[in-house]
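Analysis of the macromolecular model
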Amino acid sequence: MSDLGSNGLRTANSRLDGAVRSVIDRVHLQRGAGRMVILLVVTFLLFAALNPRVFLNPVNLQNIMVGAPEIGLISLAMMIAMLTGGIDLSVVAIANMAAITVSSLYTLVAATSGPETAEAMSGLIILAGIAMGALLGAVNGVLVSVVGVTPILTTLGTMQLFNGLALVWTGGVTISGAPTVLTTIGKTTLIGIPVLFLVLIVAAIVLALVIDRTPIGRKVQLQGANPAAARYSGISARSTLMLTYTVSGLLGALAGLVFLARNPSASADYGSSYVLLAIVIAVLGGTNPNGGFATVLGVVLATLTLQVVSSGFTAMRLSAYEYAIAQGVLLIAVMVFDQINFRRRRRSPLPAPPASSETVAIATERRRKDTGE
Amino acid sequence: MDILRRLRGANNEGVLAAVIIVVAIAMALASPAFFTPSTFFGLVRSSLVPLIFALGVLLVMISGGIDVSFPAIAIFAAYTTVQWSSQASFDPTLVGIFAIAIVIGALWGLVNGVVIARFRLPTLIVTLGTQGIIKGILLTYIGSAYISAAKLPPSISDAGDAHLVDIPGAGYLHGMLIPVVIVVVAVWWMLKHTTFGRSIFAIGGDIEAARRVGIKVVRTQILLYVLVGALAAFGGVISVILGKNANPQSLVGTELDIIAAVVLGGASIFGGRGSVFGTVLGVVLVQLINNNLVLIGIPSTWQRAAVGALLIIGVSIQALAALRDRRKPVLLEEEVSRA
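Predicted model only: the values in this text are computed from it and were never measured.

Another point: the overall build of chain A. Tallying secondary structure elements over chain A gives 15 helices and four strands in all. Out of the 373 residues in chain A, the part that is buried amounts to 52%. Long-range contacts, defined here as pairs at least 24 residues apart, represent 80% of the contacts in chain A between residues at least 6 apart. Carbon and sulfur atoms provide 67% of the accessible area of chain A, an area that totals close to 16,800 Å².

Set out below in structure tokens:
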């Protein structure tokens, strides 16, 4: 009896896994990455053609790569929360808290035991900043998974709280000072590529491997795709969500370190427009705001696209406000396009081949029920 | 038990009112300066604009959405109207200014509504997009210059100085309180007593069920966003009147604070629940803390943290109560009282 039950569970599990896998693969190819590659190439070529002298200047290209990491890391943090069907509005506040932690610890040590000691301890100080990010992420995790508050409300509240604590800590002013290690990283390039950009790429690759290749990543995806199915598959929502928001906090802290590397100062209200921008990037990159689907590659490409558009607009002497219009139009156009496409696919009499495996799985499930198997 | 439940209110309004009273008493004990007309007048004055915005947020939230574009719509409508009026040196009177701004706001609301309802897109994402577009158009094509008090149309400056009660040396009660109270009552009445109002609740409760009982979901949603756009524009003009200047960079960035106040007021982010009374209390509580924390010896830098902590505590208590409810067997009586 129990043997049969576990067997049934296993087949259901593998079927579920197959369905999820096929859906993810399809999205992987069609929604996020593929489309963003085209958009990135088109926008790049467009601005290169419109103003090649300024836009293709190596300095400009390097600026794109230096500007991308901080918003890219924040968008990845947003993406992973959205992957579980949540959202993380507090991620910029976490990034600032991490930056403030590092900056104020560094100045404190430098003031009490001399700058040399502060430099020698900078590894430890940076670790403290990362720990702060993870801790604040874990606070979100506890509220979402243990207390059961909706992610959007949790992070709306913690955004205010963390931001408020950062204000209290700094007294509302910009504090300066950062370990030389960080500022050096901010200035260094490897064969013309800024190290900060490589930080983003490495973080993205690690995150992509965790999401796509590890059981933990699968759990996170399944939690977002279908929480009920995840529960019946024996996945603990509590630990999955806890992990998700802690990782989101970690990525936020990393973004905070990038803030410091670019400019050795920290304040409570740096990057306040980044929260909404990160949502825009995550959605453009193919993240489903309702959870279940997201690709790291798509988000990285979307970050680059928006950076290209931003610097292209600057090259064309267009204002930041026109850039805001472009962002909005791009976001809504992509969403409307997706929706029309989705409806057309659903209406077409012949199911598209990638969708069939899922349909078959459901159909066999029904048949099994009908025959009383 | 029954009286207790009624006191508590359908959306915990009673609890919120109790919290406000406790905070007020604490502030009064800590500082004799609290119980003065000027504190009260200041509280009323600073609550007016957030309250109007909060009503718009409440309506969208009851229908199951989240709107972050309202500050952009508000300042777009108010700034465009005032700028046109001051450049044309034509003063269309206070009523005229409100009317023009409200039409502009309603048109932006129509854009939101059509995109959201026709394509069934997530409201947060759509309004995020329109927010950027609206702010961008305002600053690029309409104007980015600050309009000072001297250049405002006379009817606006006059309204800025209209006081209901004026106690020399102790502040004044601003005249804009009257239109704001009228709008608050109108929204309450609409939600409670009109088919449209009940339809918003129905859509927020269960959109498919609403469709099946014959509510025209698309039309209602579009109308709702038009109304919310108009409300935002109304709030925008009031903020220009109170501030005695029109700054195209202002207001945007306050959206999450307003949403926090509405959530504190007991509205459910999933839709279908919320009340005007609760929203008023939520806004008042946030403003009470923002205005008077300094009075009880806490530095003003703690404001944000205090509101954040309050919000987290509030939603945590709600979530824990929901968790406990789910474990209890279903009670019919409870269902009835909640409906």
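There's plenty left to go through after this.
To continue, consider the overall build of chain B. The number of helices and strands found in chain B is 15 helices and two strands. The C-alpha atoms of chain B give 21 Å as radius of gyration, which agrees with the globular expectation for 339 residues (20 Å, within 12%). When the backbone C-alpha atoms are referred to their principal axes, chain B occupies close to 65 × 55 × 35 Å. By residue count, 51% of the 339 residues in chain B fall in the buried class. Pairs at least 24 apart in sequence give 77% of the contacts found in chain B among residues at least 6 apart. For chain B, the accessible area works out to roughly 15,100 Å², and carbon and sulfur atoms hold 67% of it.

On to the interface of chain A and chain B. Across the boundary between the two partners, chain A contributes 40 residues, which contact 44 residues of chain B. Around 3,600 Å² of area is buried between chain A and chain B when both sides are counted, 79% of it from carbon and sulfur atoms. Summed over the shared surface of chain A and chain B, the result is zero salt bridges. Summed over the shared surface of chain A and chain B, the result is two residue pairs in polar contact (both at pLDDT 80 or more). Those elements giving two or more residues to the side of chain A that touches chain B turn out to be helix H5 (122-147), helix H6 (151-170), helix H12 (274-284) and helix H14 (320-347) of chain A. Residues that form the side of chain A that touches chain B fall into these classes: 27 nonpolar, 11 polar and two charged.

This next bit is on the pattern of salt bridges. Residue and element names in this part refer to chain B. Following the criterion strictly, the structure yields four salt bridges over all chains and no others. Across the pair Lys244 and Asp161 runs a salt bridge, and its minimum N-O distance is 2.6 Å. You can see Lys244 sitting in the loop between helix H11 (217-243) and helix H12 (255-264) and its partner Asp161 sitting in the loop between helix H7 (154-160) and strand S1 (163-166), a full 83 residues away along the chain. Using a relative accessible area of 45% as the deciding quantity, one classes Asp161 as partly exposed.

Before going further, it helps to spend a moment on the packing of H5 of chain A against helix H11 (residues 237-262) of chain A. Residue and element names in this part refer to chain A. Between H5 and H11, the least distance of the axes is 7 Å, while the angle of their chain directions is 145°. Note that H5 runs across H11; the crossing there is right-handed. Taken together, the residues of the contact of H5 with H11 sort by class into 13 nonpolar, eight polar and one charged.

This part takes up the domain arrangement of chain B. Residues and elements named next belong to chain B. You can read the domains of chain B as domain 1 (1-35 + 261-339) and domain 2 (49-253). Between the C-alpha centres of domain 1 and domain 2 there is a distance of 25 Å. Contact with domain 1, which involves 16 residues of that partner, is made by 17 residues of domain 2. Taken over both partners, the interface formed by domain 1 and domain 2 buries close to 1,200 Å², and the fraction arising from carbon and sulfur atoms is 80%.

Further remarks concern the nonpolar core. One finds Leu76, Met78 and Ile279 of chain A together with Leu59, Leu191 and Ile259 of chain B to be the most contacted residues of the largest nonpolar core, which totals 200 residues. Residue contributions to this core reach at least three from each of two domains, namely domain 1 (1-35 + 261-339) and domain 2 (49-253) of chain B. Among all residues touching Ile279 of chain A, those that are not within four sequence positions of it are Met78, Met82, Ile87 and Leu89 of chain A together with Ile125 and Leu128 of chain B. Core analysis: the second largest hydrophobic core is formed by five residues, Ala106, Ala117, Val226 and Ala230 of chain B among them.

In this section: the packing of aromatic side chains. All names here are of chain B. Taken as a whole, this structure holds 13 aromatic pairs over all chains when the rule is applied. Between Phe53 and Phe70 the ring centres are 5.5 Å apart and the planes differ by 50°, which places this aromatic pair in the tilted class. One end of the pair, Phe53, is in helix H3 (residues 37-62); the other, Phe70, is in helix H4 (residues 70-87), with 17 residues separating them in the sequence. As far as burial versus exposure is concerned, Phe53 and Phe70 are alike and both buried. With 5.1 Å between their ring centres and 35° between their planes, Phe98 and Phe234 make a pair best called tilted. Taken together, the residues span a long stretch of sequence, with Phe98 in helix H5 (residues 93-119) and Phe234 in helix H11 at a distance of 136 residues.

Once that is clear, we can look at the confidence of the model for chain A. Residue and element names in this part refer to chain A. Of all residues in chain A, 84% have pLDDT values of 70 or greater, and the mean over the chain is 83. Within chain A, helix H15 (residues 353-370) has the poorest average pLDDT of any element, 41, and H5 the best, 94. For residues 350-373, every residue scores under 50 in pLDDT, and the model assigns this stretch 13 contacts once sequence neighbours within four places are set aside.

This paragraph deals with helix H2 (residues 13-30) of chain B. Residue and element names in this part refer to chain B. Taking 1.5 Å of rise per residue, the 18 residues of H2 would be expected to cover 26 Å, and the 26 Å separating its terminal C-alpha atoms lies within 8% of that figure. Looking at H2, one finds that the buried residues are Glu13, Leu16, Ile20, Ala24, Met27 and Ala28. Each buried residue of H2 sits inside an arc of 110° when the element is viewed along its axis, so together they form one side. Away from its buried face, by an angle of more than 90 degrees, H2 presents the exposed residues Ile21, Val22 and Leu29.

Residues and elements named next belong to chain B. One way to put it is that H3 packs onto helix H8 (residues 177-193) with a least axis distance of 10 Å and a crossing angle of 20°. Judged on the interaxial angle alone, H8 and H3 are roughly parallel. Here the hand of the crossing between H3 and H8 comes out left-handed. Contacts from Val44, Leu48, Leu51, Ile52, Leu55, Leu58, Leu59 and Ile62 in H3 reach Leu177, Val180, Val183, Val184, Val187, Met190 and Leu191 in H8. Taken together, the residues of the contact of H3 with H8 sort by class into 15 nonpolar, no polar and no charged.

Next up on the list: the confidence of the model for chain B. Atomic detail in the predicted coordinates should be set aside for any region of low pLDDT. Mean pLDDT over chain B works out to 87, with 94% of the residues at or above the 70 mark. In the model output, the complex is listed with pTM 0.81 alongside ipTM 0.81.

All names here are of chain B. Two elements, S1 and strand S2 (residues 172-174), share three bridges in a ladder whose sense is antiparallel. Residue pairing across strands places Asp166 opposite Tyr172, the latter belonging to S2. Linking S1 to S2, which pair antiparallel, is a turn of five residues; within it Gly169 sits at a positive phi near 85°.

This next bit is on the environment of Leu167 of chain A. Along the chain, Leu167 of chain A turns up in helix H6. Its relative accessible area of 18% is what places Leu167 of chain A among the buried residues. Leu167 of chain A sits 102 residues away from Asp269 of chain A along the chain, and the two C-alpha atoms are 8.2 Å apart. Not counting residues up to four positions away in its chain, the partners in contact with Leu167 of chain A are Gly172 and Ala268 of chain A together with Thr301 and Arg304 of chain B.

With that settled, the discussion passes to a nonpolar patch on the surface. Residues and elements named next belong to chain B. A cluster of nonpolar residues, Leu164, Val165, Ile167, Ile178 and Ile182, forms a patch on the protein surface that exposes about 400 Å² of accessible area. Of all the secondary structure elements, the ones that give two or more residues to the nonpolar patch are S1 and H8. Considering the arrangement of structural elements, one finds Ile178 in helix H8. Exposure remark for Ile178: the relative accessible area of 44% places this residue in the partly exposed category.

Here we come to the side chain of Thr123 of chain B. Structurally, the position occupied by Thr123 of chain B is in helix H6 (residues 123-142). Look past the residues within four positions of Thr123 of chain B in its chain and what remains in contact with it is Gly65, Ile66, Ile116 and Tyr225 of chain B.

What counts, and where the lines are drawn
- Residues numbered from 1 in each chain as written.
- Chains lettered and ligands numbered in written order.
- Predicted model: local features only at pLDDT ≥ 70, side-chain atom pairs only at ≥ 80, totals over all residues.
- Heavy atoms only, no water.
- Helix = DSSP H or I, 4+ residues; strand = E, 2+ residues; numbered from the N terminus.
- Buried < 20%, exposed > 50% of the residue type's maximum accessible area, 1.4 Å probe, protein only.
- Contact = heavy atoms within 4.5 Å.
- Areas by Shrake-Rupley, 256 points an atom, 1.4 Å probe, with all protein chains shown as cover.
- Rg over C-alpha atoms; globule rule 2.2 N^0.38 Å.
- Buried area = accessible area lost by both parts, 1.4 Å probe.
- Salt bridge = Lys/Arg side-chain N within 4 Å of Asp/Glu carboxyl O.
- Polar contact = N/O pair within 3.5 Å; in protein donor to acceptor, adjacent residues only side chain to side chain.
- Nonpolar A, V, L, I, M, F, W, Y, C, P; charged D, E, K, R; others polar.
- Axes fitted to C-alpha atoms, helices over the stretch in contact; angles between N-to-C directions.
- Left-handed = near helix turned anticlockwise from the far one by under 90°.
- Domains from an automatic or database assignment.
- Core = buried A, V, L, I, M, F, W, Y, C linked by side-chain atoms within 4.5 Å.
- Phe/Tyr/Trp six-rings, centres within 6.5 Å; stacked < 30°, edge-to-face > 60°.
- pLDDT = per-residue confidence, 0-100.
- Expected span 1.5 Å × (residues − 1).
- Arc of directions from axis to C-beta.
- Parallel < 35°, antiparallel > 145°, perpendicular 65-115°, else oblique.
- Pairing = 2+ DSSP bridges.
- Patch = residues over 30% accessible without salt bridge, like charges linked within 9 Å, V, L, I, M, F, W, Y side chains within 5 Å.

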